[in-house]
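What follows is the residue order along each chain.
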Amino acid sequence: MLFRSRPRFVHRVAESPSIVRRQLIEALAAHAATLELRPFHDFIGLHIGERERRHWSPRLFLHLQPAPEGGTLIEGVYGPEVEVWGVFVYGYLITGLLSVFATIFGSAQLFVGHWPWGFWVVGGMAAVAGGLYLAAQMGQKLGAWQTFQLHQAKESAIGARTEIQ
């Protein structure tokens, strides 16, 4: 099975963005008991309700923009909550930076004839990055049912529309 870190989709609908936004908010409000709706100017955030939310719980962002040929493009991205996403971004950033510096240091050690222990740090950072990836995949699996709930709410709100991607 292929894992996608942030599944996405695009729907095209015939109505204008303001009408689509209003209709989506009204339709998604019907799920207010289990989901949390956070509307903004040109996108809508759909989150798992506070009582059901866990560290691995997903969220869905729906971005609404005018389509070039008329109507509205609804672009959706499933992903982790912002706090969890930040942990992974900074985790990858720190492991990447430490790996670069350790590679430079290990190469300098090798160049001057010392034992290049800096390369061991690179291996350790690769293991940490692999652990982050496995944790992300585990969180995606644990949140599969909640992702399905978000998907069902989105599908019922959009209705029978033309999917283009």
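It should be noted that the structure appears before, not after, this text.
Engineer: Explain the overall build of the chain here, please?
Structural biologist: Of the regular secondary structure elements, the chain holds four helices and six strands. Going residue by residue from the N terminus, the α and β elements of the chain occur as β-α-β-β-β-β-α-α-α-β. Taking 15 Å as the expected radius of gyration for a compact globule of 165 residues, we find that the chain reaches 21 Å, considerably beyond that expectation. Principal-axis analysis of the C-alpha atoms places the extent of the chain at approximately 70 × 40 × 30 Å. Taken across its 165 residues, the chain has 32% of its residues classed as buried.

Engineer: How should I be thinking about the pairing of strand β2 (residues 35-39) in this particular structure?
Structural biologist: Successive residues of a regular strand alternate their side chains across the two faces of the sheet. As judged from the five bridges shared by β2 and strand β3 (residues 43-48), these two strands associate in the antiparallel manner. Across the sheet, Arg38 pairs through a bridge with Gly45, a residue of β3. The antiparallel hairpin formed by β2 and β3 contains three residues in its connecting segment.

Engineer: Whenever I open this one, the packing of helix α2 (residues 82-111) against helix α3 (residues 118-142) confuses me. Can you help?
Structural biologist: What describes two packed helices is the angle between their axes and the distance between those same axes. Interhelical geometry of α2 versus α3 gives an angle of 160° and a closest axis separation of 7 Å. Between α2 and α3, the crossing angle belongs to the class labelled roughly antiparallel. As for how α2 packs across α3, the hand of that crossing is left-handed. Looking at the contact of α2 with α3 residue by residue, the class counts come to 16 nonpolar, eight polar and no charged.

Engineer: Where do I start with helix α1 (residues 17-29) in this structure?
Structural biologist: For an α-helix, the turn length of 3.6 residues means that residues three or four places apart are oriented alike. A rise of 1.5 Å per residue sets the reference length of α1, with its 13 residues, at 18 Å; its end C-alpha atoms lie 18 Å apart and thus fit the reference within 8%. The set of residues buried in α1 consists of Val20, Leu24 and Leu28. For α1, the arc enclosing every buried residue in end-on projection is 55°, short of the 170-degree limit, so these residues lie on one face. Facing away from the buried side of α1 by over 90 degrees, the exposed positions are Ser18 and Glu26.

Engineer: Honestly, the nonpolar core in this entry has me stumped. Any pointers?
Structural biologist: Counting residues in hydrophobic clusters, the biggest one holds 18 residues, and the most contacted among them are Leu24, Leu28, Leu46, Leu60, Leu62, Ile74 and Leu150. Among the secondary structure elements, those contributing two or more residues to this core are β1 (8-13), α1, β3, β4 (58-66), β5 (72-80) and α4 (144-158). For this core, the element with the highest residue contribution is α4, accounting for four residues. The contact partners of Leu28, leaving out residues within four places of it in the chain, are Leu37, Ile44, Leu46, Leu62, Ala153, Lys154 and Ala157.

Engineer: Would you mind going over a nonpolar patch on the surface with me for this structure?
Structural biologist: A cluster of nonpolar side chains, Tyr90, Leu93, Ile94, Leu97, Leu98, Val100, Phe101 and Ile104, forms an exposed patch at the surface whose accessible area comes to about 810 Å². Mapped onto the secondary structure, Val100 falls in helix α2. Relative accessible area serves as the criterion here: at 45%, Val100 is assigned to the partly exposed category.

Engineer: Quick question: what am I supposed to make of the pattern of salt bridges here?
Structural biologist: A side chain of one charge can pair with a side chain of the opposite charge if their charged atoms are brought near each other. Under the criterion given, the structure shown has six salt bridges. A salt bridge links Glu69 to Arg12; the nearest nitrogen and oxygen atoms lie 3.4 Å apart. With Glu69 in the loop between β4 and β5 and Arg12 in strand β1, the pair connects residues that are 57 residues apart, well separated along the chain. A relative accessible area of 32% means that Arg12 is categorised as partly exposed. A salt bridge links Glu50 to Arg53; the nearest nitrogen and oxygen atoms lie 3.1 Å apart. Within the structure, one salt-bridge network assembled from shared partners comprises Glu36, Arg38, Glu50 and Arg53.

Engineer: What am I meant to see in the side chain of Lys154 here?
Structural biologist: Secondary-structure assignment places Lys154 in helix α4. The exposure class assigned to Lys154 is buried, which follows from its relative accessible area of 2%. The residues touching Lys154, leaving out its near neighbours within four places in the chain, are Phe9, His11, Leu28, Leu60, Leu62 and Tyr78.

Parameters at a glance
Residues numbered from 1 in each chain as written. Predicted model: local features only at pLDDT ≥ 70, side-chain atom pairs only at ≥ 80, totals over all residues. Heavy atoms only, no water. Helix = DSSP H or I, 4+ residues; strand = E, 2+ residues; numbered from the N terminus. Rg over C-alpha atoms; globule rule 2.2 N^0.38 Å. Buried < 20%, exposed > 50% of the residue type's maximum accessible area, 1.4 Å probe, protein only. Pairing = 2+ DSSP bridges. Axes fitted to C-alpha atoms, helices over the stretch in contact; angles between N-to-C directions. Parallel < 35°, antiparallel > 145°, perpendicular 65-115°, else oblique. Left-handed = near helix turned anticlockwise from the far one by under 90°. Nonpolar A, V, L, I, M, F, W, Y, C, P; charged D, E, K, R; others polar. Expected span 1.5 Å × (residues − 1). Arc of directions from axis to C-beta. Core = buried A, V, L, I, M, F, W, Y, C linked by side-chain atoms within 4.5 Å. Contact = heavy atoms within 4.5 Å. Patch = residues over 30% accessible without salt bridge, like charges linked within 9 Å, V, L, I, M, F, W, Y side chains within 5 Å. Areas by Shrake-Rupley, 256 points an atom, 1.4 Å probe, with all protein chains shown as cover. Salt bridge = Lys/Arg side-chain N within 4 Å of Asp/Glu carboxyl O.

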